[in-house]
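# Summary of structural features
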2 protein chains.
Amino acid sequence: MTSAYKKLHDTFARLSRFGHLSAIAGWDAAAMMPPEGGQARSEALAELSVLTHQILTAKQVGEWLEQAGGEQLNDLEQANLREMRRHYQQAALLPESLVQAKSLAGARCEQAWRIQRKSNDWEGFSENLKEVVKLSRQEAQLRAEAAGISRYDALLDLYEPGMTSQKLDVLFGDLKTWLPDLLQTVVEKQKTETRIAPQGPFDIEKQRQLGLKVMGKLGFNFDAGRLDVSAHPFCGGVPQDVRITTRYNENEFLSAMMGVIHETGHARYEQNLPKEWLGQPVSNARSMGVHESQSLLFEMQLGCSEPFLKSVYPLVIEQFGHREGLDESNFMKLNQRVQPGFIRVDADELSYPAHVILRYEIEKALMEGEIEVDDIPALWNRKMKEYLGIDTVGNYRDGCMQDIHWTDGGFGYFPTYTLGAMYAAQLFRTANKAIPTLQDDIVRGDLTALFQWLQQNIWQHGSRFTTDQLMKNATGETLNPAFFRAHLEGRYL
Amino acid sequence: MTSAYKKLHDTFARLSRFGHLSAIAGWDAAAMMPPEGGQARSEALAELSVLTHQILTAKQVGEWLEQAGGEQLNDLEQANLREMRRHYQQAALLPESLVQAKSLAGARCEQAWRIQRKSNDWEGFSENLKEVVKLSRQEAQLRAEAAGISRYDALLDLYEPGMTSQKLDVLFGDLKTWLPDLLQTVVEKQKTETRIAPQGPFDIEKQRQLGLKVMGKLGFNFDAGRLDVSAHPFCGGVPQDVRITTRYNENEFLSAMMGVIHETGHARYEQNLPKEWLGQPVSNARSMGVHESQSLLFEMQLGCSEPFLKSVYPLVIEQFGHREGLDESNFMKLNQRVQPGFIRVDADELSYPAHVILRYEIEKALMEGEIEVDDIPALWNRKMKEYLGIDTVGNYRDGCMQDIHWTDGGFGYFPTYTLGAMYAAQLFRTANKAIPTLQDDIVRGDLTALFQWLQQNIWQHGSRFTTDQLMKNATGETLNPAFFRAHLEGRYL
Ligand SMILES: [Zn+2]
Ligand SMILES: [Zn+2]
């Protein structure tokens, strides 16, 4: 007789095949699809999300989960079963109609956002967003009731299992006590230094070539992935075929290059998830925070460090030649410039947490019903002024319309960026202790030992351990924000 | 109470949403996917094909089809119901296991073919092909038994409803009586003329720009489609988002340009199928032969005609400048050159039918069990020698491994190319009679009247009429191969 676990195994393998199609069609919608394809694509993806919801929440699956608990399973199977249960419980809570409505409303909002953002059309955007918020609140309410927690915590748990707004309030509360001062100090300090903006234009094709070379340096497997262009850079696709994107600006190449380094961090995690478990929940990346720890370890800990920049510098010169602003010492300084700005994805490490805290506070209030969509712009303006000293009044495009996340109801996601930054600091510090030659290796362009350490401690484990356990195994302790502070003070003071 | 017809309508709409995902993932596999993504993609597409097979062949669907026959339906609904019944009957015949096995074997064969073709590896390829042939014969056998026709005719009917090998034997038999002589005469005649091969290299990006401009001239809607690159040019995607591909060669630009014109013909048919019926079977293109009639009308009837070449010539000069072999009269001659060669997709109009007849004869014998896969190369060599005077011994790459069709079991498809050429000649002749100014319009680059005529007579009808009825409505008679002969003799003698 087939064990219940085996039946679950086959069901999740089937779900992952449909997930593959959804991932590729989703990537295509962002990177390839012409505008008139949007409506039919949304409908197709919604149909698929209803189907996978039905498969995942079938009564049998619940029964098999019960039965499998009593079967003889090894450690990995146990972990797989735990993850299966998590997915099932998260999905079984939601009625099919809500899943479909949310998928459609999200796709509509996102498609329109692409054009509305360009024309700074908050009016139009907020109409679609209201529908998304309404449905997201319904979802949050159902999840909150089932788990006996707050609406926002229920959403947060989807992206960062084990995390709560109580813990976040402590972490972010602490950040708020020292980060604004540090930011201020560093901005003042950097005012005394000379930085020259390199002279464009920077040919887009050359930027792409530079990106591909840096990806190669960072070990990206081009037989199992691609680099393309989208409005908002992301890492999509499937572990066997990882699709990363960036966006180019003729006047400035560092933003695209750093975007590529960031997404390559995500990509290497995906490309190195446990191969023999692909298709099973235990092979998934642990959480969004851990995912972001890999991209930020690549972009910030490694990518913006002097040793790495030294090793990348010749590639930059190879593409763009020696020109004003591209001498080596200026190139270093440019990549460690601290300058509060409008755009989160372009933000430096010191300003970034302020962007995230702002979004966290707004989306939490939005989900808890303390504010409405119409309140967002005013709140956004006030907090941008307060945390970063920036005026965003009337500039929706570079304000509350800059991100894709809320368009399809991804509330609860934003905090994972700063959690990722904290995990990254802790992991990189530990890797440096474990590999005494690492800084020299990096200058020489030899990242083998670092990648082995990441493979050993993070990538190969997928979702086998909880985040706390994963961090403890890798670094000897659970999340400790002191590493992040030490990193920032060490680099910028 | 919901009518049975309405239930069918919703079921087919759902199937078309899954078909959308399959189309985009299929396009991606050919145009975008890196090699290591292949295995997971095949599995995902096979999973989807099993699912859609289940949905289409559910017992209820059969019952609804019975009931709907007795319901009050208008003409279009009647036509839709007829097409639904055709799809259901075709699918219900096949056991799920065969559908899945064929999808997997086809994908495996196709993926490997991409590499094997490059290395001329018939040995490796034939192993995979044997599995595909085995499963295709099983399929053909089941279909043949149910319809009381031959195995090959049962497959042919999938692509060209109403067509039989008996009719084809007459059509192709007639062709064989006059085409080889005509080909011989034209080759001799052209020997006396001077043709200069234009001097390359032709920058790939400039070739792409030329392709895009020609597509624009031909009315391609870029808000609802794209041009990309694949090993074998094709037209894929969905009517709302049509994906065409070509392939480039630095030494020669006409092949890519003509490929683009050909696929644009397919694309315009897709982009102009009846919008209000999209998602329903009646909105599909009528048949593969009618589809090919549109691409060949664009490529051969229009694209290789002097008036059209005159109007395209300035675009060619704009991209590549005046250089040897690119004076206008030589440009005309190049596009009407008759020269038997290895590659079907690059063949001129006069050689093309020979390629098709060769494949028809081989695949028919293969399906009827008269020959085996191991017999293909020898048979191929003999017929290439006989029909086109070309030696292909040992050159599998440019011989029986040149096409993608057999890799995933598309036996029965090849004849539609020459049927398309015949329909195209008949349609274009009729359009010229209906639009007395057409030849002048074309020189002036004004194709509006032609496109209106095609929209009126072909595109807007989807699958509403049978092919015979469609041709009769458009041209006053069913397929008459005399138009094709008259066209060839008129152009080349
Ligand atoms: Zn990221
Ligand atoms: Zn074609």
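Reference entry: report on the structure contained in this document. (Residues numbered from 1 in each chain as written. Chains lettered and ligands numbered in written order. Predicted model: local features only at pLDDT ≥ 70, side-chain atom pairs only at ≥ 80, totals over all residues. Heavy atoms only, no water.)

## Thoughts on the sheet that holds strand E3 (residues 241-246) of chain B
Residues and elements named next belong to chain B. One open sheet holds the 3 strands; their spatial order is E1-E3-E2, and the pairing between them is mixed. Strands with a single pairing partner mark the edges of an open sheet, and in this sheet they are strand E1 (225-229) and strand E2 (235-238). Each neighbouring strand pair of the sheet contributes to a mean axis angle of 20 degrees, computed without reference to strand direction. In the sheet, E1 pairs with E3 via 5 bridges, with the strands oriented parallel. When the sheet's bridge partners are listed, Val 229 is paired in E3 with Thr 246. (Pairing = 2+ DSSP bridges. Helix = DSSP H or I, 4+ residues; strand = E, 2+ residues; numbered from the N terminus. Axes fitted to C-alpha atoms, helices over the stretch in contact; angles between N-to-C directions.)

## Concerning the coordination of the zinc ion (ligand 2)
Reference geometry at the metal: tetrahedral coordination by four donors gives ideal angles of 109.5 degrees; octahedral coordination by six donors gives 90 or 180 degrees. Residue and element names in this part refer to chain B. Looking at the metal site, the zinc ion (ligand 2) is ligated by His 262 (NE2), His 266 (NE2) and Glu 292 (OE), spaced 2.1 to 2.3 Å from it. Of note, the zinc ion (ligand 2) draws all its donor residues from one chain, in the sequence arrangement H-x3-H-x25-E. Highlighted residues: His 262 in helix H10 (residues 254-271) and Glu 292 in helix H11 (residues 288-303), separated in sequence by 30 residues. Judged by its relative accessible area of 2%, Glu 292 falls in the buried class. (Donors = N, O, S within 2.8 Å, 3.2 Å for Na, K, Ca; no water. Buried < 20%, exposed > 50% of the residue type's maximum accessible area, 1.4 Å probe, protein only.)

## Some thoughts on the relation of the copies chain A and chain B
When chain A is fitted to chain B, the residual RMSD is 0.0 Å, and the transformation amounts to a turn of 180 degrees plus an axial shift of 0.0 Å. Read as a symmetry element, the transformation amounts to a two-fold axis. Counting the interface residues of chain A, we find that 100% of their copies in chain B are interface residues as well, pointing to one common contact surface. (Least-squares fit on C-alpha atoms with pLDDT ≥ 70 in both. Contact = heavy atoms within 4.5 Å.)

## Quick word on the side chain of Glu363(A)
Residue and element names in this part refer to chain A. Turning to its location among the elements, Glu 363 is positioned in helix H14 (residues 352-367). The charged side chain of Glu 363 is buried without a salt bridge, its nearest counter-charge being Arg 359 at 7.7 Å. Side chain to side chain, Glu 363 and Tyr 152 meet in a polar contact 2.5 Å long. When neighbours within four sequence positions are excluded, Glu 363 is seen to be in contact with Tyr 152, Trp 406, Gly 410, Phe 411, Gly 412, Tyr 413, Phe 414 and Pro 415. (Lys, Arg positive; Asp, Glu negative; His and termini not counted. Salt bridge = Lys/Arg side-chain N within 4 Å of Asp/Glu carboxyl O. Polar contact = N/O pair within 3.5 Å; in protein donor to acceptor, adjacent residues only side chain to side chain.)

## Observations regarding the coordination of the zinc ion (ligand 1)
Residue and element names in this part refer to chain A. Taken together, the protein ligands of the zinc ion (ligand 1) are His 262 (NE2), His 266 (NE2) and Glu 292 (OE), with distances of 2.1 to 2.3 Å. As a motif over one chain, the donors of the zinc ion (ligand 1) read H-x3-H-x25-E. Of this pair, His 266 sits in helix H10 (residues 254-271) while Glu 292 is found in helix H11 (residues 288-303), placing the two residues 26 residues apart along the sequence. Here His 266 falls in the buried class, since its relative accessible area comes to 8%.

## Considering the nonpolar core
Judged by nonpolar contacts, the single largest core of 115 residues is most densely connected at Phe253(B) and Met257(B). Residues from two domains meet in this core; each of domain 1 (4-159) and domain 2 (160-493) of chain B gives at least three. In this structure Phe253(B) touches Phe202(B), Gln207(B), Leu210(B), Val316(B), Phe320(B), Leu326(B) and Phe331(B), once residues within four positions along its chain are discounted. Grouped together as the second largest cluster of nonpolar side chains are 113 residues, Leu273(A), Ala365(A), Ala425(A) and Trp453(A) included. (Core = buried A, V, L, I, M, F, W, Y, C linked by side-chain atoms within 4.5 Å. Domains from an automatic or database assignment.)

## Description of the interface of chain A and chain B
Contacts between the two partners involve 33 residues from chain A, matched on the other side by 33 residues from chain B. On the chain A side of the interface with chain B, the three residues burying the most area are Leu21(A), Glu36(A) and Glu47(A), jointly 20% of the side's total. Applying the counting rule to chain A against chain B returns 8 salt bridges. The partner of Arg243(A) in a salt bridge is Asp28(B), and the shortest N-O contact between them spans 2.8 Å. (Buried area = accessible area lost by both parts, 1.4 Å probe.)

## Considering the state of the cysteines
Applying the stated rule across the entire model yields 0 disulfides over all chains. Cys400(A) supplies the cysteine sulfur nearest to Cys109(A), a cysteine that is in no disulfide, at a spacing of 12 Å. Left unpaired, Cys235(B) is separated from the closest cysteine sulfur, that of Cys304(B), by 19 Å. The class of Cys235(B) is partly exposed, set by a relative accessible area of 23%. (Disulfide = S-S within 2.5 Å.)

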